[in-house]
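# Structure at a glance
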Amino acid sequence: MTPADDGPARRRVVIVGAGFAGIGCARELAGTDVDVTLIDRNNYHQFLPLLYQVATAQIASDDVGTPLRNQFRHDENVEVVQAEVVAVDPATRTVTTADGATYTGDFLVLATGARANFYRTPGADEHALPLYSLTDAERLRARIIEVFDAADRDPGLIDQGALTFVVVGGGATGVETAGGIADFVNRVAPEEYHDLHVHEARIHLVDHGHALLAPFSDKAHEYAAKVLQRDGVRLHLGTGVQEVTPTCVRLEGGTTLPSRCVIWAGGVQAGDLASRIALPRGRGGRVLAGHDLSVEGYPRVFVIGDVAGVESPEGGLYPQLGSVALQQGQWTAKNIRSDLAGQPRQAFHYHDKGIMAMIGRGAAVAEMGAKRHELHGAIAFSSWLGVHAWLMSGVRTRVDAFISWGWDYFSGNRSPGLIAHDSAQTVDWSQPAEIPVPRTPTPDSVPAS
Ligand SMILES: Cc1cc2nc3c(=O)[nH]c(=O)nc-3n(C[C@H](O)[C@H](O)[C@H](O)COP(=O)(O)OP(=O)(O)OC[C@H]3O[C@@H](n4cnc5c(N)ncnc54)[C@H](O)[C@@H]3O)c2cc1C
């Protein structure tokens, strides 16, 4: 907790990453007497909690990607740089970008987030689709539409796994994605693909744990399983994934699920850059930071959000959540301002609003506040909407399209999805499935008894 040395009147804060944490910090410093350089590989902020709505064609990409320059257009002290940071020198607080430019700050804030962790599962990084960026979500949406289009053109491809979706991971992202795909299959596809036997679609969710939504209560585990199964999702719990190939997923125990669309929601690790910085790292490659969110030995280097490993008062590291990242960003800005004012820093205190996950139309679980007051169903869905609208306003993402989606989704008025996409083929249909999918007879092909 060392205050900054005396020096020139105007100080510079370099922030790498414009997610919840980076934006939270930059917003809090906007309009103050420090200069801020905000660097991100994208020229937009991506609101990750709504990625699966983008992937399942419920919300347009524009509604979850907010242009950064526009966000800070009124803040003369905030400069936005679009660049990939490839190296960090914590001693001099200097970052180097892929094009060779360097940026040095009096303070350096690392907020580069997380990425999928495939846990070295053979074939997973090559053949499964992660969901950790807007690009990932657009790629998954294109794949979902590609397999539906292919099955519509040639129903024989259903045997080849064209309409079999496998979601790996039973945490919030996996459950929300499986629920979103079920909604696409049950409500959107029948309107868009008139001749396709959509009832032949299969959705599998695999997790090596024995319950969905592990951090929630037993009641929530059962509720999530009931809603997903009601919507046609087949659960494979207590089962790990051994291998992903271009045509199937192999599970422990010998089951093979033929599929051309495998979604990886199996866990996260700190982003690439973290592994290239010489700083102590903990579980999941997270860079360890102290209670004031700075790195031991480098008091003017802060690490926040998903990339950071900060011990919580309950023990263990703070969870990788948007609300934690946003509050850590805001807190870091306050500590920087305290340094500049010659005042002591404060240890980070998380205002816990609870945890929640959406499962499907009108169905969600929420455990509100630090005391985890439990809600299920429509009321949890409304709370989910409220908390996400609050998060969106924290990072200045447009709320109007989200609220209108939430209302239409809840009331059942949502019109079918947006299926415009580029027609590039990514599935190699010439490679046959090892084990064809058993076909379900269509209602009109079942002989009358
Ligand atoms: C599908 C999904 C659903 C989720 N749902 C919820 C939810 O409902 N509620 C909730 O609280 N949390 C949710 N989360 C978690 C939440 O989104 C994260 O905890 C939060 O985004 C972390 O914020 P961050 O700023 O640390 O990282 P991020 O939001 O990941 O931002 C990191 C930024 O750094 C940039 N970056 C990374 N590396 C570099 C580099 N080398 N050079 C330049 N820029 C770089 C990236 O482009 C990105 O903009 C969800 C996450 C996912 C993936």
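Residues numbered from 1 in each chain as written. Predicted model: local features only at pLDDT ≥ 70, side-chain atom pairs only at ≥ 80, totals over all residues. Heavy atoms only, no water.

## Comments concerning the pattern of salt bridges
Which entries qualify depends on this criterion: By definition here, a salt bridge exists when the distance from a side-chain nitrogen of Lys or Arg to a carboxyl oxygen of Asp or Glu is within 4 Å. Exposure classes here rest on a 1.4 Å probe applied to the protein chains alone. A residue is buried below 20% of its type maximum, exposed above 50%, and partly exposed in between.
Inspection of the entire model under this criterion finds 14 salt bridges. The salt bridge involving E243 is made with R250; its shortest N-O contact spans 3.0 Å. Its relative accessible area of 29% is what places E243 among the partly exposed residues. Among the charged side chains, a salt-bridge network with shared partners connects D183, R187 and R361.

## Some details on unusual backbone geometry
Under the convention used in this document: Elements are defined by DSSP. Helices are runs of H or I of four residues or more, strands are runs of E of two residues or more, and each kind is numbered from the N terminus.
Of note, the phi angle at L213 is positive, near 50°, even though the residue is not glycine. Examined against the element boundaries, L213 turns out to sit in the loop between β13 (202–207) and α7 (218–230). The phi dihedral of L293 falls on the positive side, at around 80°, and the residue is not glycine. Relative to the elements of secondary structure, L293 occurs in the loop between β20 (287–289) and β21 (294–295).

## Observations concerning the UniProt feature "domain: FAD/NAD(P)-binding" (unreviewed entry) in the protein
For clarity, the threshold we go by: UniProt positions are given in the numbering used here, feature names are shortened, and annotations may be inferred rather than shown by experiment.
Under the UniProt annotation, the feature "domain: FAD/NAD(P)-binding" (unreviewed entry) is placed at residues 12–329. Note that residues 12–329 is 28% helix and 29% strand, and that its end C-alpha atoms are spaced 16 Å apart.

## Let's talk about the pairing of strand β1 (residues 12–16)
Each regular strand carries side chains that alternate between the two faces of the sheet. Spelled out, the test is: Clockwise travel from the first strand over the helix to the second, with the strands pointing away from the viewer, marks a crossover as right-handed. If DSSP finds at least two bridges between two strands, the strands pair.
With 4 of its 5 residues buried, β1 lies for the most part within the structure. The handedness of the β1 to strand β2 (residues 35–40) crossover, carried by helix α1 (residues 20–29), is right-handed. Note: β1 against strand β9 (residues 107–110), 4 bridges, orientation parallel. Within β9, the position partnered with V13 by the bridge is F107.

## Observations concerning the sheet that holds strand β17 (residues 256–258)
What counts, and what does not: With axes taken as lines fitted to C-alpha atoms, and helix axes fitted only over the stretch in contact, angles between N-to-C directions fall between 0 and 180 degrees.
Across the sheet, which stays open at both edges, the 3 strands sit in the order β15-β16-β17 with antiparallel pairing between neighbours. Edge positions in the open sheet fall to β15 (241–244) and β17, since each of these has one partner strand only. Strand-to-strand twist across the sheet, computed as the mean angle between neighbouring axes with direction ignored, equals 20°. Pairing between strand β16 (residues 248–251) and β17: 3 bridges, direction antiparallel. Bridging from a neighbouring strand, V249 pairs with L257 of β17.

## Examining the site of the ligand
Just so we agree on the cut-off: The near set for a molecule or strand comprises every residue that places at least one heavy atom within 4 Å of it. Whenever a nitrogen or oxygen atom comes within 3.5 Å of another N or O atom, the pair is scored as a polar contact, on the condition that within protein one atom can donate a hydrogen and the other can accept it, and that pairs from neighbouring residues in sequence are kept only if both atoms are in side chains. In these tables, accessible area is a Shrake-Rupley quantity obtained with a 1.4 Å probe, and a residue counts as shielded only by the protein chains included in the view. Gly falls in the polar group here, along with every residue not listed as nonpolar (Ala, Val, Leu, Ile, Met, Phe, Trp, Tyr, Cys, Pro) or charged (Asp, Glu, Lys, Arg). Residue ranges for the domains trace back to a domain assignment, done automatically or taken from a database.
Near the ligand, the surroundings consist of 28 residues, among which A21, D40, D306, G322 and H388 are the closest. Note that an oxygen atom of the ligand is positioned 3.0 Å from one of the backbone N or O atoms of F20. H388 places a polar side-chain atom, nitrogen or oxygen, 2.7 Å from an oxygen atom of the ligand. Relative to its free-state accessible area of 1000 Å², the ligand is covered by the protein chains to the extent of 93%. Those elements that provide at least two residues to the shell around the ligand are α1 and α9 (322–340). It is α9 that contributes the most residues to the shell around the ligand, 3 residues altogether. A class-by-class count of the residues in the shell around the ligand yields 12 nonpolar, 12 polar and 4 charged. Structurally, the shell around the ligand is a two-domain feature, drawing no fewer than three residues from each of domain 1 (12–116 + 269–340) and domain 2 (118–266).

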